[in-house]
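# Geometric and topological summary
Each chain is listed here by its residues.
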Amino acid sequence: KNQVEQSPQSLIILEGKNCTLQCNYTVSPFSNLRWYKQDTGRGPVSLTIMTFSENTKSNGRYTATLDADTKQSSLHITASQLSDSASYICVVSEGQAGTALIFGKGTTLSVSS
Amino acid sequence: DVKVTQSSRYLVKRTGEKVFLECVQDMDHENMFWYRQDPGLGLRLIYFSYDVKMKEKGDIPEGYSVSREKKERFSLILESASTNQTSMYLCASSFRQGILSYEQYFGPGTRLTVT
């Protein structure tokens, strides 16, 4: 069964600290993996998209890694800010892109001052 | 910038009412999607459309229908709203083919409460 598992479910860190969120998937065939940020009460916004051949991609203070062999991805946030408080969702696309997305349940990150 | 707009941010309806949720995108995307998002369950696909007048069932289509009469507009219809349809509804759009289709752009969401 195609699944995307994220850990931890929630995380609290101090402003300025780094953190890493994990995503493990069992989706096959794999097309691409995306990380989205969703602020409370808002729609998700894309942070990164990685295909099979990519193993790292950055977007400012956000860096995503992908290990297609172990079917694992991580999202590293550097020097966290209060505005990073949000839910982070890992999404894996099965086969052809555009449909057949498998969503993780998200990690809720709280950054405190 | 890609813009996906939804007709209402918050909506309260009574059980049994017919409910229309509207979504409009301005990027000439072929694909459009409707999801619902519930705590602990993540996003689940209700319906999607890859062209005008075309629709495909997602994972949880029961109790919903959709309409796509124009390329930029995708409507979700709850024929007879029930309390278990209380949820956050998210619309998204994307190109159909190629690497551009990897990116789905989401609207702000409609929080629907059925009483």
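A short tour of the structure in this document, coming up. (Residues numbered from 1 in each chain as written. Chains lettered and ligands numbered in written order. Predicted model: local features only at pLDDT ≥ 70, side-chain atom pairs only at ≥ 80, totals over all residues. Heavy atoms only, no water.)

## Structural notes on the packing of aromatic side chains
What the rule picks out here adds up to 9 aromatic pairs over all chains. Aromatic side chains A:Tyr62 and A:Tyr88 sit 6.1 Å apart centroid to centroid with 45° between the ring planes, which places their arrangement in the tilted category. On the criterion of sequence distance, the pair formed by A:Tyr62 in strand 7 (residues 62-67) and A:Tyr88 in strand 9 (residues 86-94) is long-range, its members being 26 residues apart. Among the residues examined, A:Tyr62 registers a relative accessible area of 9% and is labelled buried. Given a relative accessible area of 0%, A:Tyr88 falls into the buried group. Among the aromatic residues, those joined into a ring-pair cluster are A:Tyr36, A:Phe103, B:Phe33, B:Tyr35, B:Phe48 and B:Phe106. Over the ring of A:Tyr62 we find A:Arg61, and its NZ or CZ is 5.7 Å from the ring centre. (Phe/Tyr/Trp six-rings, centres within 6.5 Å; stacked < 30°, edge-to-face > 60°. Helix = DSSP H or I, 4+ residues; strand = E, 2+ residues; numbered from the N terminus. Buried < 20%, exposed > 50% of the residue type's maximum accessible area, 1.4 Å probe, protein only. Lys NZ or Arg CZ within 6 Å of the ring centre and 35° of its normal.)

## Thoughts on the interface of chain A and chain B
Counting residues at the interface gives 20 residues for chain A and 21 residues for chain B. Taking both sides of the interface into account, the surface hidden between chain A and chain B amounts to around 1600 Å²; carbon and sulfur atoms contribute 57%. On inspection of chain A and its partner chain B, the count reaches 0 salt bridges. Linking chain A with chain B are 6 residue pairs in polar contact (both at pLDDT 80 or more), by the criterion used here. For the side of chain A that touches chain B, the secondary-structure elements that each account for two or more residues are strand 4 (30-38), strand 5 (45-51) and strand 10 (101-103) of chain A. If you tally residues by element for the side of chain A that touches chain B, the top one is strand 4 of chain A, at 5 residues. (Contact = heavy atoms within 4.5 Å. Buried area = accessible area lost by both parts, 1.4 Å probe. Salt bridge = Lys/Arg side-chain N within 4 Å of Asp/Glu carboxyl O. Polar contact = N/O pair within 3.5 Å; in protein donor to acceptor, adjacent residues only side chain to side chain.)

## Things to note about the pairing of strand 6 (residues 56-59) of chain A
Residues and elements named next belong to chain A. In this sheet, strand 7 lies alongside strand 6 in antiparallel orientation, the contact comprising 4 bridges. Opposite Lys-57, over in strand 7, you have Ala-64 as the bridge partner. Turn length for the strand 6-strand 7 hairpin, with the two strands adjacent in sequence and antiparallel, is 2 residues, and the turn residue Gly-60 shows positive phi of about 65°. (Pairing = 2+ DSSP bridges.)

## Some points on the nonpolar core
Counting residues in each nonpolar core, the largest one holds 25 residues, and the members touching the most others are A:Val4, A:Tyr25, A:Leu33, A:Trp35, A:Leu75 and A:Tyr88. The set of elements that each furnish at least two residues to this core consists of strand 3 (19-25), strand 4, strand 5, strand 7, strand 8 (72-77), strand 9 and strand 11 (107-112) of chain A. The residues touching A:Leu33, leaving out its near neighbours within four places in the chain, are A:Cys23, A:Tyr25, A:Thr48, A:Ile49, A:Met50, A:Leu66, A:Ser73, A:Cys90, A:Val91 and A:Val92. Ranked by size, the runner-up nonpolar core spans 20 residues in total, among them B:Leu11, B:Val19, B:Cys23 and B:Leu78. (Core = buried A, V, L, I, M, F, W, Y, C linked by side-chain atoms within 4.5 Å.)

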